[in-house]
Amino acid sequence: MSKLQGTYVNDNIGAKLVIAQANDSNGQITSASISYNGHNYPATGHYHFKNSTGPTTVTVPTGLDDDAGYVALTLTSDSQEFKRLKSFGGLANFDAETIGLGGAFNRQ
């Protein structure tokens, strides 16, 4: 079990990130979800520790909702306690819109 697993909320944009399964040995996020604007995006992703040990970590989860489109986040944490994930990302929907998503996701 990775310390990255958990529930994170971004109050600035009303989004939630849940990382249910993550593996530190290969950096895979195999079960996650990103919730935003009334839609839930089942997600997977990858993360990597700086110099393979940290403490800085970068993470990229992506999700798809067949009715709404894709969402992708780039996240970074300066410690492996993962209390706060700084983020920037975006959503591309089937209305041909792109929406920027940013701010901090805080562990709940």
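Everything here concerns the structure above.
Residues numbered from 1 in each chain as written. Predicted model: local features only at pLDDT ≥ 70, side-chain atom pairs only at ≥ 80, totals over all residues. Heavy atoms only, no water.

## So, the nonpolar core
To keep things clear, this is the line we draw: What makes a nonpolar core is a set of buried Ala, Val, Leu, Ile, Met, Phe, Trp, Tyr and Cys residues whose side-chain atoms join them at distances within 4.5 Å. Three exposure classes are used, based on accessible area relative to the maximum for each residue type with a 1.4 Å probe and protein chains only: buried under 20%, partly exposed in between, and exposed over 50%. Put simply, DSSP marks the helices as runs of H or I at least four residues long and the strands as runs of E at least two long, and each gets a number from the N terminus on. The contact criterion used is simple: two residues touch if any of their non-hydrogen atoms lie within 4.5 Å.
Judged by nonpolar contacts, the single largest core of 23 residues is most densely connected at Leu4, Tyr8, Leu17, Ile19, Leu85 and Phe105. Residue assignment for this core shows that the elements contributing at least two residues are β2 (15–23), β3 (28–36), β4 (39–49), β6 (69–77), β7 (84–93) and β8 (98–107). Filtering out sequence-adjacent residues up to four positions away, Leu17 remains in contact with Gly6, Thr7, Tyr8, Ser33, Ile34, Leu75, Leu85 and Phe105.

## A word on unusual backbone geometry
Cis rather than trans, the peptide bond between Gly54 and Pro55 has omega equal to 15 degrees. Phi is positive for Ser52, which is not a glycine, with a value near 70 degrees. Structurally, the position occupied by Ser52 is in the loop between β4 and β5 (57–65). Even without glycine at this site, Phe82 takes up a positive phi of about 55 degrees. Structurally, Phe82 can be placed in the loop between β6 and β7.

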